[in-house]
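Per-entry structural report
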Amino acid sequence: MAKKIRKMLGDVNAPEVASLMRLIDTQSKSTICKWCIDYAEAHILPIFEKHCPGDSRPGNALNAARDYLDGKVKFPVVKNIILNECHAAARELDSDPAAQAAARACGQSSAVVHTLSHSLGLYFYGAAAVAYDRVGTNETAEIYDRIAREVCADITAALRTIAVENEPNPAKIKWKC
């Protein structure tokens, strides 16, 4: 029997994830969106592009989300690109877990412009993308957990870099984890 590959890595109950959620809760929607889109573009999209050269769908979703934040397009345009391009790319990639997770992470990062709780999708799918790209799909749970913790630390550090101290308009996120 083939080993079942997890679509997401990480543990929502882990202290480092709770810390990330607390930090997210202190920031405004614009800061959270910028962080998610920028991080996905810099760290996760390259994984997808390495596995699927020439496929621009996840990148299109990130660009559309940025265009939405800049007032250049309406949300239905972004939603269409996320669902019919980015998530479609992920659905086609069952044979490539790293690329599939990267596409999902980009989709979640793009969708944060609508629902801020998608920001955790950047972490969970992003951790899977990084792990499967780095070590493949046949490692131990301990290895995957270590990589997920590393990704969480990196994502948290990226948010801390742009975080606004005493943010006057922190987002009110309803975490359903």
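Residues numbered from 1 in each chain as written. Predicted model: local features only at pLDDT ≥ 70, side-chain atom pairs only at ≥ 80, totals over all residues. Heavy atoms only, no water.

1. Description of the overall build of the protein chain
Scanning the protein chain for helices and strands turns up seven helices and zero strands. Counting from the amino terminus, helix and strand elements in the protein chain follow one another as α-α-α-α-α-α-α. Computed over C-alpha atoms, the radius of gyration of the protein chain comes to 15 Å, within 12% of the 16 Å expected from 2.2 N^0.38 for 177 residues, which places it in the range of a compact globule. Its C-alpha atoms put the protein chain at 50 × 35 × 25 Å along the principal axes. Across the 177 residues in the protein chain, those meeting the buried criterion constitute 47%. (Helix = DSSP H or I, 4+ residues; strand = E, 2+ residues; numbered from the N terminus. Rg over C-alpha atoms; globule rule 2.2 N^0.38 Å. Buried < 20%, exposed > 50% of the residue type's maximum accessible area, 1.4 Å probe, protein only.)

2. Some words on the confidence of the model for the protein chain
When pLDDT is low, close inspection of the predicted coordinates is not appropriate. Per-residue pLDDT for the protein chain has a mean of 95; in total, 98% of the residues score no lower than 70. When mean pLDDT is compared element by element in the protein chain, helix 2 (residues 29-51) scores highest at 98, while helix 4 (residues 75-91) scores lowest at 94. (pLDDT = per-residue confidence, 0-100.)

3. Brief notes about the nonpolar core
In this structure, Leu-20, Ile-32, Trp-35 and Tyr-123 are the most contacted members of the largest nonpolar core, which totals 62 residues. What Trp-35 contacts, discounting residues up to four positions off in sequence, is Leu-20, Ile-24, Ser-119, Leu-122, Ile-155, Ala-158, Leu-159 and Ile-162. (Core = buried A, V, L, I, M, F, W, Y, C linked by side-chain atoms within 4.5 Å. Contact = heavy atoms within 4.5 Å.)

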